[in-house]
Amino acid sequence: MFSLSTLCYMEQDGKYLMLHRTVKKNDVNKDKWIGVGGHFELDESPEECLLREVREETGYTLTSWRYRAIVTFVSGGGVTEYMSLYTADGFTGSPIPCDEGELEWVDKEEVLKLNIWEGDKIFFRLLSERQDFFSLKLVYDGGDKLVSASLDGHPMELFDVLDEHGEQTGVVRERGVAHQDGSAHGTAHVWVVRKNADGQYDLLVQKRSSNKDSYPGCYDISAAGHVAAGDGYLESALRELREELGIEAVPKQLHAVGTRRSYCEDTFHGRLFCDQEFSHVYVYQEEVDISCLRLQKEEVESVLWIDFEECRSRVEDGRWPNCIYLDELELLDKYLRAPVFSIPESNSSDTP
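Keep in mind the model is a prediction, meaning the values are calculated, not measured.

Account for the pairing of strand 18 (residues 271–284), naming residues and giving values.
Of all 14 residues making up strand 18, 11 are buried, and the element is well covered by its neighbours. Pairing between strand 17 (residues 254–268) and strand 18: 14 bridges, direction antiparallel. Its bridge partner being in strand 18, Cys 264 is matched across the sheet by Asp 275. The hairpin turn running from strand 17 into strand 18, its antiparallel successor, is 2 residues long, and His 269 in that turn takes a positive phi close to 55 degrees.

Break down helix 1 (residues 46–58) for me, with residues and values.
Taking 1.5 Å per residue, 13 residues should reach 18 Å; helix 1 reaches 18 Å between its end C-alpha atoms and fits that length. Burial in helix 1 covers these residues: Cys 49, Leu 50, Arg 52, Glu 53, Val 54, Glu 57 and Thr 58. On its buried side, helix 1 packs onto strand 1 (2–12), strand 2 (15–21), strand 4 (36–39), strand 5 (61–74), strand 6 (80–92) and strand 7 (101–107). Gly 59 sits one or two positions beyond helix 1 and adopts a positive phi of about 90 degrees.

Which residues make up empty space enclosed by the protein, and what values go with them?
Per the stated rule, a full pass over the model turns up 1 cavity of 30 Å³ or more. Lining the largest cavity are Gln 200, Tyr 201, Asp 307, Phe 308, Glu 309, Asp 333, Leu 336 and Arg 337. Among the secondary structure elements, those contributing two or more residues to the lining of the largest cavity are helix 5 (308–317) and helix 6 (326–336). For the lining of the largest cavity, the residue count by class is 3 nonpolar, 1 polar and 4 charged.

For the nonpolar core, give the residues involved together with the corresponding values.
Across soluble globular proteins, nonpolar side chains have a tendency to be buried as a group. Membership of the largest hydrophobic core comes to 31 residues, with the highest contact counts inside it found for Tyr 9, Met 18, Leu 85, Ile 122, Phe 123, Phe 134 and Leu 138. Residue assignment for this core shows that the elements contributing at least two residues are strand 1, strand 2, strand 3 (33–34), strand 5, strand 6, helix 2 (118–129), strand 8 (134–140) and strand 9 (146–151). When residues of this core are assigned to their parent elements, the largest contribution, 5 residues, is made by helix 2. Membership of the second largest hydrophobic core comes to 24 residues, among which are Val 192, Tyr 233, Ala 249 and Val 303.

How would you explain the layout of surface pockets if you had to name every residue and give the values?
Estimated volume of the second largest pocket: approximately 830 Å³. Forming the boundary of the second largest pocket are 33 residues, of which Asp 27, Val 28, Asn 29, His 39 and Glu 81 lie nearest the centre. Breaking the lining of the second largest pocket down by element, the ones donating at least two residues are strand 1, strand 4, helix 1, strand 6 and helix 2. Ranked by residue count, the leading element in the lining of the second largest pocket is strand 1, at 4 residues. A class-by-class count of the residues in the lining of the second largest pocket yields 9 nonpolar, 13 polar and 11 charged.

Mind laying out the pattern of salt bridges, listing which residues take part and the relevant values?
This model, assessed by the stated rule, comprises 37 salt bridges. Here Glu 100 and Lys 24 are joined by a salt bridge, their closest N and O atoms 3.5 Å apart. Of this pair, Glu 100 sits in the loop between strand 6 and strand 7 while Lys 24 sits in the loop between strand 2 and strand 3, and the two are 76 residues apart along the sequence. Residue Glu 100 is classed as buried on the basis of its relative accessible area of 12%. Put simply, Glu 41, Glu 44, Arg 52, Glu 53 and Glu 56 are held in one network by salt bridges that share partners.

Describe the packing of helix 5 against helix 6, and please don't skip the residues or the numbers.
The contact between helix 5 and helix 6 brings their axes to 10 Å, and the two run at 165 degrees. When the axes of helix 5 and helix 6 are compared, the pair comes out roughly antiparallel. The way helix 5 lies across helix 6 gives a crossing that is left-handed. Contacts between helix 5 and helix 6 pair Phe 308, Arg 312, Val 315 and Glu 316 from the former with Leu 326, Leu 329, Glu 330, Leu 332, Asp 333 and Leu 336 from the latter. Classifying every residue of the contact of helix 5 with helix 6 gives 6 nonpolar, no polar and 4 charged.

Talk me through unusual backbone geometry; I want residue IDs and the actual numbers.
For Asp 31, which is not glycine, the phi dihedral falls at a positive 70 degrees. With respect to the helices, strands and loops of the structure, Asp 31 is situated in the loop between strand 2 and strand 3. Unusually for a residue other than glycine, Tyr 215 sits at a positive phi of about 50 degrees. Residue placement: Tyr 215 occurs in the loop between strand 14 (201–208) and strand 15 (219–220). The class of Tyr 215 is buried, set by a relative accessible area of 16%.

Thresholds applied
Residues numbered from 1 in each chain as written. Predicted model: local features only at pLDDT ≥ 70, side-chain atom pairs only at ≥ 80, totals over all residues. Heavy atoms only, no water. Buried < 20%, exposed > 50% of the residue type's maximum accessible area, 1.4 Å probe, protein only. Helix = DSSP H or I, 4+ residues; strand = E, 2+ residues; numbered from the N terminus. Pairing = 2+ DSSP bridges. Expected span 1.5 Å × (residues − 1). Contact = heavy atoms within 4.5 Å. 1 Å grid on protein atoms, 1.4 Å probe; cavity = no way out; pocket = protein on both sides within 12 Å on 5 of 7 lines; lining within 4 Å. Points joined across faces, edges and corners; volume = space filled by probe spheres on them. Nonpolar A, V, L, I, M, F, W, Y, C, P; charged D, E, K, R; others polar. Core = buried A, V, L, I, M, F, W, Y, C linked by side-chain atoms within 4.5 Å. Salt bridge = Lys/Arg side-chain N within 4 Å of Asp/Glu carboxyl O. Axes fitted to C-alpha atoms, helices over the stretch in contact; angles between N-to-C directions. Parallel < 35°, antiparallel > 145°, perpendicular 65-115°, else oblique. Left-handed = near helix turned anticlockwise from the far one by under 90°.

The structure is reproduced here in structure tokens:
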């Protein structure tokens, strides 16, 4: 079963006209904030439906609008809805009371703080970042929980949102939205380590691809990545080692170092990046020949061995463009110096 609908976000003075759906008892959008719109009537085009629904719900007649996206909603209840998404910046007329709820002009920066669908947060982000037409598919579990999302046919990353203790809240959020509002989420960090000829430790560090959406071209942990919704930390660590470096490790080869929480803000590509992570840190101590690694070109530009103390010094004094946390290096140092930990000495001479 499927249905056709339109949804419009009218814009004025940096605000969206939002509808708080409070009237209908059996409304799937009950208590949610959405735009204005509705389902097609017989033989209507998307634009005819748009103009009629806006006029009926607001009293305004649109004079300028843009067709921004097609959004496919899979409810999980056996219904798929194909929604034509519009924005409009020109209209005439006077507002009327809406029989669906209360209309309110809301600052665009405040919209994500309202009670809106998780999928709506994705297309709000895309509306602000993109000017081209896009196709977004959102799949729900029959309730409020987002199960999957894809943009222009490509899967999007979803995270489990964590509380202040690192426990799952039950909310699943898209990566871009999580980094927009600073939602806490999980990451897995793996340090590849070896003993050097001086009896100290070398770390394998990677240089991030210049095309990354955050910290492009910076030196980073050997392998690291987000924990996808529904996944665990250890399986994520093994996946990142395999995908970024081509190392096929097994669970017993990863040694848990500890867990740390971090928060940072920065700007990349003109957009604010807010990152709040609960990171599980691991050590991989098996012998590694970096000339045999299969680097994931989308993620990793290059790798190199570096003495632990030299790495710490470069991070401290800023000689390196990097996204390595000093407190994580301290956590790692404490673990490596523990009497129970031992790594075979390497005879390799590829340390810079």
